[in-house]
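These are the residues of each chain, in order.
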Amino acid sequence: MMQLFLPMPTRGRLFLLACATCATLTILTVAIAAGARVAAQSPSPTAATKHGIVRRMADVKFAPDDDVKCLNGVVENGDPATGPSTFVLKATSGCVVAPHYHTAEEQLIVVHGDVLTGMHGMKETLLEPGGFAMMPGNETHWFTCMSKEGCVMFVTFDRIYDIVWVKDEK
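Because the structure is predicted, anything quoted here is derived from the model rather than measured. (Residues numbered from 1 in each chain as written. Predicted model: local features only at pLDDT ≥ 70, side-chain atom pairs only at ≥ 80, totals over all residues. Heavy atoms only, no water.)

## A look at the overall build of the protein chain
On a plain count of helices and strands, the protein chain comes out with two helices and 11 strands. Of the regular secondary structure in the protein chain, the N- to C-terminal order runs α-α-β-β-β-β-β-β-β-β-β-β-β. Sequence-distant contacts in the protein chain: of pairs separated by 6 or more residues, those separated by 24 or more amount to 67%. For the protein chain, the exposed surface amounts to about 11500 Å²; the carbon and sulfur share of it is 64%. (Helix = DSSP H or I, 4+ residues; strand = E, 2+ residues; numbered from the N terminus. Contact = heavy atoms within 4.5 Å. Areas by Shrake-Rupley, 256 points an atom, 1.4 Å probe, with all protein chains shown as cover.)

Below, the structure written as structure tokens:
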């Protein structure tokens, strides 16, 4: 086996060149990683233009629902015609929202009152304030406000809002 012997000054120069190359690569790697972190933390153009929402329940302006006359609601966040949205719904005592489904997943949180909630293939459950239900997209569900003083709920949809009424499903 043949060994390569370089004079000491040449080996030292190669070692320094290798160290300088490693240092340059290390500095570049750190700089790229730092730039990526800054970019990831910087708000996107759409996020920068979106404003937060803070609203007292007393300031919510409910409007009658077109389909269910005993229900009033308001869109609190998002645009149901184009994507995810959050509604606040107020139901009168005994208000029945008949069997229906949405393409979107729906999540419901009861704020006030007792809400009897049912879903196709599941037992009806009485939800009290803080109670939660998640209805997958295209799953038939319904609810009834059971409280004398009415019910208030937050309802969110993970995509465009639609509603399909189902006859004789319950």
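## Examining the state of the cysteines
Across all of its chains, the model carries two disulfides by this definition. Each disulfide pairs two cysteine sulfurs, and for C70 the partner residue is C95, the sulfurs being separated by 2.0 Å. In this structure the cystine formed by C70 and C95 twists about its S-S bond by roughly 65 degrees; its chirality is therefore right-handed. Of this pair, C70 sits in the loop between β1 (63–64) and β2 (71–78) while C95 sits in the loop between β3 (85–91) and β4 (96–101), and the two are 25 residues apart along the sequence. (Disulfide = S-S within 2.5 Å.)

## Thoughts on the side chain of H141
Counting through the fold element by element, H141 comes out in strand β9 (residues 141–145). A polar contact is formed between the side chain of H141 and the side chain of H102, at a distance of 3.5 Å. If sequence neighbours within four positions are ignored, H141 has contacts with A98, P99, H100, Y101, H102, E106, G118, M119 and M135. (Polar contact = N/O pair within 3.5 Å; in protein donor to acceptor, adjacent residues only side chain to side chain.)

## Digging into the sheet that holds strand β7 (residues 125–127)
With antiparallel pairing, the five strands of this open sheet are ordered in space as β7-β6-β9-β4-β11. The strands lining the two open edges of the sheet, one partner per strand, are β7 and β11 (164–165). Sheet topology note: the β4/β9 ladder contains three bridges and is antiparallel. The residue bridging V97 from the neighbouring strand is F143, located in β9. (Pairing = 2+ DSSP bridges.)

## Re the sheet that holds strand β5 (residues 106–112)
The six strands lie next to each other as β1-β2-β3-β10-β5-β8, forming an open sheet whose pairing is antiparallel. Looking at which strands have only one partner, the edges of the open sheet turn out to be β1 and β8 (132–135). Pairing between β5 and β8: four bridges, direction antiparallel. For E106, the partnering residue across the bridge sits in β8 and is M135.

## Quick notes on the pattern of salt bridges
Counting across every chain of the model gives three salt bridges. With its nearest N and O atoms 2.5 Å apart, the salt bridge here joins E76 to R55. In this pair, E76 is assigned in strand β2 and R55 in the loop between α2 (45–49) and β1, connecting sequence segments 21 residues apart. Among the residues examined, R55 registers a relative accessible area of 41% and is labelled partly exposed. One salt bridge in this structure joins D158 and R159, with 3.3 Å as the shortest N-O distance. (Salt bridge = Lys/Arg side-chain N within 4 Å of Asp/Glu carboxyl O. Buried < 20%, exposed > 50% of the residue type's maximum accessible area, 1.4 Å probe, protein only.)

## Quick word on the environment of A98
Its place among the elements puts A98 in strand β4. Not counting residues up to four positions away in its chain, the partners in contact with A98 are H141, W142 and W165.

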